[in-house]
Number of protein chains: 2
Amino acid sequence: MRTSIATVSLSGSLTEKLTAVARAGFDGVEIFENDLLASPLTPEEIRARTTDLGLSIDLYQPMRDIEAVPEAEFARGLRRARHKFELMRRLGAGTVLVCSSVSPLAVDDDALAAEQLSRLAGLAEDFGVKVAYEALAWGRHVNTYDRAWGIVEAAGHPALGTCLDSFHILARGSDPKGIEDIPGDKIFFLQLADAPLMAMDVLQWSRHYRCFPGQGGFDLAGLLAHVLRAGYRGPLSLEVFNDVFRQAEAGPTAVDARRSLLVLQEATRPLLPEAAGLAAPPAPVVPTGVAFAELVTPDVVPVTGLLGALGFRRGARHRGKPVDLWQQGEARVLVNTGPAVRHGGTALAAIGLESPDPAAAALRAESLLAPVLPRRRALTDAPLDAVAAPDGTELFFCAAPGLPAPAEEGGDPGHPEPRDWTGDFEPVPPAGPPERAGQDGAGRPEQGSGAGSVTRIDHLALTQPWHQFDEAALFHRGVLGLSGGESVDVADPYGLHRSRAVTNAEGSVRIALGVGPGPSDDGARAQHIALATDDVIEAARRFRAAGGRLLAISANYYDDLAARYGLGDEELAAYRAFGILYDRDGGGEFRHCYTESVGRVFFELVQRDGGYQGYGAPNAPVRLAAQRAAGGAGR
Amino acid sequence: MRTSIATVSLSGSLTEKLTAVARAGFDGVEIFENDLLASPLTPEEIRARTTDLGLSIDLYQPMRDIEAVPEAEFARGLRRARHKFELMRRLGAGTVLVCSSVSPLAVDDDALAAEQLSRLAGLAEDFGVKVAYEALAWGRHVNTYDRAWGIVEAAGHPALGTCLDSFHILARGSDPKGIEDIPGDKIFFLQLADAPLMAMDVLQWSRHYRCFPGQGGFDLAGLLAHVLRAGYRGPLSLEVFNDVFRQAEAGPTAVDARRSLLVLQEATRPLLPEAAGLAAPPAPVVPTGVAFAELVTPDVVPVTGLLGALGFRRGARHRGKPVDLWQQGEARVLVNTGPAVRHGGTALAAIGLESPDPAAAALRAESLLAPVLPRRRALTDAPLDAVAAPDGTELFFCAAPGLPAPAEEGGDPGHPEPRDWTGDFEPVPPAGPPERAGQDGAGRPEQGSGAGSVTRIDHLALTQPWHQFDEAALFHRGVLGLSGGESVDVADPYGLHRSRAVTNAEGSVRIALGVGPGPSDDGARAQHIALATDDVIEAARRFRAAGGRLLAISANYYDDLAARYGLGDEELAAYRAFGILYDRDGGGEFRHCYTESVGRVFFELVQRDGGYQGYGAPNAPVRLAAQRAAGGAGR
């Protein structure tokens, strides 16, 4: 279906907005009147600009407080309308949005509303314009879509139809099924917006908290299915505004917006017997595991010191680039000291995701507007498909399982792709404390073993730029096919943090997306790699014995822990000694501790037992305060 | 009365918070458990620190989900409680807050709640601790203050009382009059918080939108009067948290907090027959006019060029400092090029307020914790009392009327204070375009005259730092005795702006406080001086003829204006030519236009007719967009 977006959904000047909309691949726009008023361009120049950009102007909006008013007031309204219709002719906009009246002058008289709207439509017709009448959820008398449709039906004018807005319908809890009773050709327009489920004044909710489909709590696929069953085939248009988008850059917001419409169309298809023109991106290819996490660093020593103390061993080096592979169990960390190192010190720059079909995963990502990265291949490199997440983290799609035995390499020369990425690495002699270094016969590093060793990457935690938290969640769910958990608010002593994890069904890929209290904290966005172990006390003991420093947790936390849970004295003493935090859910337990930070990055050692599904959120305030006190990356 | 504040109301580490609380002059604190858990200090060290700072620990909080639960669960609760009571003994905290249960295990049985709370109080007594039971507005069964009191009364234990929290009482719309039926000595604690009136989920409302008394919409003076009539004489304690305070610096927030309690006590006194220990700051002395606005600038040429084109003339120079007085009608602008110039270019640094009693006004300000500035006097200077507003703007209290005839100077040597501040200035020869320069016989500048001249300063608009908007409004109302208008939201293309004006009854002092979309905009906080004229078209014409540049407004705005109002063609053409904006309210009209910016500062020419009371808010988006486009200070 054609896609469109209201200019009020984006930040910037009208021309900035139009450019961002076109670049994101939308077909059209709704022109919000204030954007036009503020623009130095004439209507003709705006029309020419949209034409150059390949955009149609699908709607001009809004016209307010016109219907069901005393005749003298309506006459004034018609005079205003004549100006607007003339303007729309210059602009090349064929449909105007009329919102149900909120004026104190409006009377509760649907017959009068129909009569006046019919006269308005007659005037519109003279200008070649159509009128789409919409019920605002806070309309003075008309505040439901079925009542608005009743008025349109009674008016019976060919240039008058209704406009449906998902927010106004769903925020009031109306049953959208009745939409199917409206003839499709009388639904002149469809505006889509999602919103988090909140019990608050609907006007404030609408003005400050709307979000793109899939970022809130409304069932928009269900609503869209009703609209399509009614026969509507016009554009899907986003009218979304909230306090964050108003400030965010228009370009990325427009991409986020169009991605939301693609995911929405995909989610709606199964609800209908036929395609109804809905877009069908390639099916998601859910990653099955984490192949690697890649750290870039301007100074390799602190990073490898930390990895070494955690029990990792450098097992291989890239054949053509200054990238080392550090490994322990199934946990693999690449350390990149190449010239591509970003500004800003040590950072988690890339994640390798094991995929059952890397090429299909990349195709899915590209079709959902993920920026595809040039394949960073040397002559002998496995061509890895990669895309950039909203925060700039590079996501590589790797053949799964990530690490076949070296003997398998090149075993099938007739099927060069996907090749195993580890084929680009060649084994190196061990380097590290002699008492733990070792190499097996095949030239691969000895993997950590026994209690307290690291078995795999449990999760990756990435603090998102302030403006991109919802976008990031939709990206990871839509593009990667991961499932999103609940959004959790955590107050640390310096502000409110939100976090939301996305995971695959098995829990073998877990990415915790976080966001700090405000844009000013964006510079120091913390990232961390959580490593799974089956014995966190032993892991912490080994780490410290190898010279590692653990984050110190306040004694008061342990006094409180003692009061909350019946933990053994010995256990508590060990937690206290190593700064291990504890949490419990349904049947499971979670024990975790933190290393010091290098740049923006730190490590967490985690022990999950009994099916614990969370990330220790109740401990976050204490951890964040401890990191603040240590001057580390927790801010 | 004693004042106290919960540590959760402030941002920072526990020791930062305690220091800020003590410096702001509070008598005590409530220790929020998470702050203690996150602190590296032992309870004994925290106790010592508070004692050193002269603070008492008035409350330890919160204890949750303890009452009306099955016996096994209650036994676990008692075990937790024993730990906490022990901790409180170490801390020296005499009262613990118990919130009504939200646990799904809690049963709807007040007798059981009373019985268990009585047993809890018995245990508390063993540790020398008292229990204050509070109804959370979202408590599972107990969510009103009268029900909580009923349970406490039924329990009948001397170590058990109730805690009243204004938010929980007023957010649910409970009638606070019933408080008077509770014996004062059974009200163990009183927590105060205000909140803007919003229709939203009460838990979210409470967590994110609480504010200090006087910053929201609750009648806290009325509530406090009921509590005092009941006989409560304990501390007034603030338990306020919102998303902004969580990030703001603790020091200024604590001052803002204590100021709110002083203003609240003052507002409560008239409601009671006796003083009841309420603080009584000196009465406010409302300013009667604006004596001057002072611009500091590192480069005098653009500023004086602008003033000259606006029709101001340099009339006098300070005897001891590089400060010039520019004047037109009753509008006076000081231009300061001295070494005290702040970092950041041209800015509005000070405002002179005409006061019927400058010394009393300063005393009032000081008693409400306004930072008193050193009197910047040279040997011959009039000693002007000055305080700093939250955004750093200096407010000078000047004798009113601000500008007696020069002949009056020094006329009464026996009464040196308050002396007229203009006595520190000596007349200078005219400088400016010869066709408009002039001097009267007394060596004072010719004041602008005739249609289009500037008559006075209409208002001053100051964009506040993001964290200080509510604080600034309370400051200007509380300290200066001005009245606050409605808070207005304005969406410009780049974000949401809020503004709120404070005025005296006559409208001769108007200060418009604004705040931008987010902290990242703080660097470019715009400030402007609005100048009143009785003919804004003529004023704009004169300004342009003198070489001034007016902000260009888009043609689309005028097309829309034509559609909205029945304005004459000639009038519209003039608006269009000069970039004049138009607004209308009840019976009044407002016409206004803007100069280019110098540094953060620009001027507005305004014409108010027919009792118009606003500031042209509907035009703000267009104005802000035009300033963005011009690269000016409107961001």
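Above this text is the structure in question.
Residues numbered from 1 in each chain as written. Chains lettered and ligands numbered in written order. Predicted model: local features only at pLDDT ≥ 70, side-chain atom pairs only at ≥ 80, totals over all residues. Heavy atoms only, no water.

### Observations concerning the overall build of chain A
- Broken down by element type, chain A carries 17 helices and 25 strands.
- Relative to its 635 residues, chain A shows a buried fraction of 59%.
- Taking the intrachain contacts of chain A between residues at least 6 apart in sequence as the baseline, contacts between residues at least 24 apart amount to 73%.
- Entry remark: accessible area of chain A is about 22,800 Å², with carbon and sulfur atoms responsible for 52%. (Helix = DSSP H or I, 4+ residues; strand = E, 2+ residues; numbered from the N terminus. Buried < 20%, exposed > 50% of the residue type's maximum accessible area, 1.4 Å probe, protein only. Contact = heavy atoms within 4.5 Å. Areas by Shrake-Rupley, 256 points an atom, 1.4 Å probe, with all protein chains shown as cover.)

### Notes on the sheet that holds strand 9 (residues 289-296) of chain A
All names here are of chain A.
- Overall, mixed pairing links the eight strands, which are arranged 14-15-13-9-12-11-10-16 in an open sheet. Looking at which strands have only one partner, the edges of the open sheet turn out to be strand 14 (385-388) and strand 16 (425-427). The average angle at which neighbouring strand axes cross in this sheet is 30°, direction not considered.
- Where strand 9 meets strand 12 (residues 331-336), four bridges bridge the pair, whose relative direction is parallel. Residue pairing for strand 12: Glu294 is matched across the bridge by Leu334.
- Seen against the sheet, helix 12 (residues 358-367) touches strand 13 (347-355), strand 14 and strand 15 (394-399) and runs at an angle of roughly 150° to strand 15. (Pairing = 2+ DSSP bridges. Axes fitted to C-alpha atoms, helices over the stretch in contact; angles between N-to-C directions.)

### Section: helix 11 (residues 300-309) of chain B
- Those residues of helix 11 of chain B that fall on the buried side of the exposure criterion are Val303(B), Thr304(B), Leu306(B), Leu307(B), Gly308(B) and Ala309(B).
- Phi turns positive one or two residues past the end of helix 11 of chain B, at Gly311(B), with a value near 100°.

### Looking at the sheet that holds strand 9 (residues 289-296) of chain B
Residues and elements named next belong to chain B.
- Spatially, 14-15-13-9-12-11-10-16 is the arrangement adopted by the eight strands of the open sheet, whose pairing is mixed. Because the sheet does not close on itself, it has two edges, and the strands there are strand 14 (385-388) and strand 16 (425-427). Strand after strand, the sheet turns through a mean of 30° between neighbouring axes, direction not considered.
- Relative to strand 15 (residues 394-399), strand 14 is paired through four bridges, and the arrangement is antiparallel. Bridged to Ala386 within strand 15 is Phe396.
- Helix-sheet contacts for helix 11 involve strand 9, strand 10 (313-318), strand 11 (323-328) and strand 12 (331-336), and the interaxial angle to strand 12 is about 165°.
- Seen against the sheet, helix 12 (residues 358-367) touches strand 13 (347-355), strand 14 and strand 15 and runs at an angle of roughly 150° to strand 15.

### Some remarks on the pattern of salt bridges
- Scanning all chains against the criterion turns up 62 salt bridges over all chains.
- For Asp58(A), the salt bridge goes to Arg2(A), with nearest N and O atoms at 3.1 Å. In this pair, Asp58(A) sits in strand 3 (residues 56-63) while Arg2(A) sits in the segment before strand 1 (3-6), placing the two residues 56 residues apart along the sequence.
- Overall, Asp58(A) belongs to the buried group, its relative accessible area being 13%.
- Asp108(B) is the partner of Arg147(B) in a salt bridge, and the nearest nitrogen-oxygen pair spans 2.5 Å. Residue Arg147(B) is found in helix 6 (residues 145-155), and its partner Asp108(B) is found in the loop between strand 4 (95-99) and helix 5 (110-126); the two are separated by 39 residues along the sequence.
- Assessed through its relative accessible area of 26%, Arg147(B) is described here as partly exposed.
- Shared partners join several salt bridges into a network, and the residues in it are Glu44(A), Arg90(A), Asp559(B) and Arg576(B). (Salt bridge = Lys/Arg side-chain N within 4 Å of Asp/Glu carboxyl O.)

### Some words on the pairing of strand 13 of chain B
Residues and elements named next belong to chain B.
- Of all nine residues in strand 13, nine are buried; the element is thus mostly enclosed.
- As paired strands, strand 9 and strand 13 are joined by seven bridges and run antiparallel to one another. Bridging from a neighbouring strand, Leu295 pairs with Leu348 of strand 13.
- For strand 13 and strand 15, the ladder comprises six bridges, and the chain directions are parallel. Among the inter-strand pairings, Leu353 is bridged to a residue of strand 15, identified as Phe397.

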